[in-house]
Each structure stands twice: as structure tokens, then as C-alpha cells.
Amino acid sequence: MSFDRRTRIEEMRKADRARDRRKRVLAVSLSAVVVAGLVTFGAYTVLDKADDKSSDRSMSDDGKGRDSAAGEKDDKDLATGPIEGEKSWDAKKLTRNHVEETVDYPMKPPVGGDHSPVWMNCDGEVYKKAIPDMNAVHALEHGSVWVTYTGDAPSADVRKLADRVAKTPYSLMSPYKDQAGAIMLTAWGKQVTVDGADDPRVARFFAHYVQGPQTPEPGAACTGGLDGS
């Protein structure tokens, strides 16, 4: 084999090896691009799902978007301003003695006054039977809201109110035979008759008076008292 022929063959082999190297480099580069793309897509998908979950958590019960700041503002708005039809009693005239003898309260349900030494449990308690006035008044002294209803209250409203009370510490609910309205809400020195569970005054009354400024003994226990059994 001549020298020139060997030289050409060697050059051809070098060219083939160079092409192989370029192909390998290109393949590695393309693989890196594909992997990077997959990682980026995965990260985007995870973030997108996280955003969706965060958005879902920010939805309020009525399906409208609501963030925590907006929720706090709504609560503050509910807790301000007068409540239509609300009756108030002078706190200075509502005595707070612990007594054993029966107290004849001038209003039904009572909004305050002397009461039993034992409070009615009021940690979201829904009582199916009437409860003693004197124990309920002690629960009001601790800052609870007492929801009462007669047999004229629609059962759907009673269920909705029971759901609200069950989710609200420092509240209690019971039937009350002799009250003037079908559904009434009572706090220490405060009372209102409402038209139903969806009456806007229900939410306002709870926002105002669950551990509200009218409370004679804020933070006092709502458990460990009389349980209604």
C-alpha cells in the first residue's frame, strides 16, 4: 500500500472519529435540554397545584374569595354599629351575687342578675331540653351568648343555629317555652329577637357579644359546670 493511500485512509478515520464525537456531544446536549425541560415543567406543575390549593383555602363558605385580612375586617365590621331591635339593660343594675334561693327574673330569658354559683356549660353546648335560668345567667356572666327558641321556630332554623353554636366557644342553645319571640339571642345585659337563622343580626350579635365588652368576667370557664344531663 502506497504512502499516499495510507495517509488518506488515516485522514478518513480521523474524520469519522470527529463526526462520532460531535454526534455524542449533540446527543448529550439534547438530553440535558430535555431533562431541564422536564424539571421545569414538574416544578411549574407543583407550584400551580399549590397555588390552586391556596386559592381553595381562601374561599369562604359562600364560595367567594376571601383572604384572612378580609375575614378579619368582616368580623370587625360585624362587631361595630348598633343591632336593630336590640334591647339593653343597665349593667350597674344587674346584680351578680351567687345565691341558692330561686331568683324571679323580670325578663324571659333573663339577661343578668343574681344567679347560681354553678354556671351552665357554654362551650358550644346545644341542649335539647330547657335549662335552669340561674345557671344560664352565670354562663352569660362569663361572656357567652345564649340562643333560645320556642316550638314556633322552624326546624330548619333550629338546625342552622345549632350548627353555629356547636362551632362557637362561649355559646349555648336551648328551648325556652315562655319567651316572647320564636328565636331570641341573649348576652349579659343584651337581647334581641330575630326572624330566623339567616337574619343578619345573628352574626352581628355573636360578633358583638361572644366574650364581648359587656362580659363581667371575661375568660372565665365555660366548662366544668352544669352539663344539662
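Look up: the structure comes first, before these words.
A brief look at the structure comes next.

### A word on the pairing of strand β6 (residues 190-193)
Where strand β1 (residues 87-88) lies against β6, 2 bridges are found, and the strand directions are antiparallel. Each bridged residue has a counterpart across the sheet, and for K87 the counterpart in β6 is Q191. In this sheet, β6 lies alongside strand β5 (residues 183-187) in antiparallel orientation, the contact comprising 4 bridges. Bridging across to β6, M184 finds its partner in T193. Where β5 folds back onto β6 in an antiparallel hairpin, the turn is made up of 2 residues, including G189, whose phi is positive at roughly 75°.

### Points about the sheet that holds strand β4 (residues 171-175)
Judged by pairing direction, the sheet is mixed, and its 6 strands sit side by side in the order β1-β6-β5-β3-β4-β2 without closing on themselves. Sheet topology places β1 and β2 (123-126) at the edges, where each strand pairs with a single neighbour. Sheet analysis places strand β3 (residues 145-149) next to β5, joined by 4 bridges and oriented antiparallel. The partner of T148 across the bridge, within β5, is M184.

### Here's the deal with the pattern of salt bridges
Tallied over the entire structure, the rule returns 5 salt bridges. The salt bridge partner of D198 is K160, with a shortest N-O separation of 3.0 Å. In this pair, D198 sits in the loop between β6 and α5 (200-209) while K160 sits in helix α4 (residues 155-166), placing the two residues 38 residues apart along the sequence. D199 is the partner of R201 in a salt bridge, and the nearest nitrogen-oxygen pair spans 2.7 Å. R201 gets classed as buried once you look at its relative accessible area, which sits at 15%. Judged by relative accessible area, D199 falls into the buried class, the value being 11%.

### Quick look at helix α3 (residues 133-141)
With respect to burial, α3 is a largely interior element, 8 of its 9 residues being buried. Within α3, burial applies to M134, N135, A136, V137, H138, A139, L140 and E141. Summarising the contacts, the buried residues of α3 are in contact with β3, β4 and β5. One or two positions beyond α3, positive phi appears at G143, with a value near 100°.

Definitions and limits used
- Residues numbered from 1 in each chain as written.
- Predicted model: local features only at pLDDT ≥ 70, side-chain atom pairs only at ≥ 80, totals over all residues.
- Heavy atoms only, no water.
- Pairing = 2+ DSSP bridges.
- Helix = DSSP H or I, 4+ residues; strand = E, 2+ residues; numbered from the N terminus.
- Salt bridge = Lys/Arg side-chain N within 4 Å of Asp/Glu carboxyl O.
- Buried < 20%, exposed > 50% of the residue type's maximum accessible area, 1.4 Å probe, protein only.
- Contact = heavy atoms within 4.5 Å.

Spatial relationships are all this shows, so hold off on functional conclusions.
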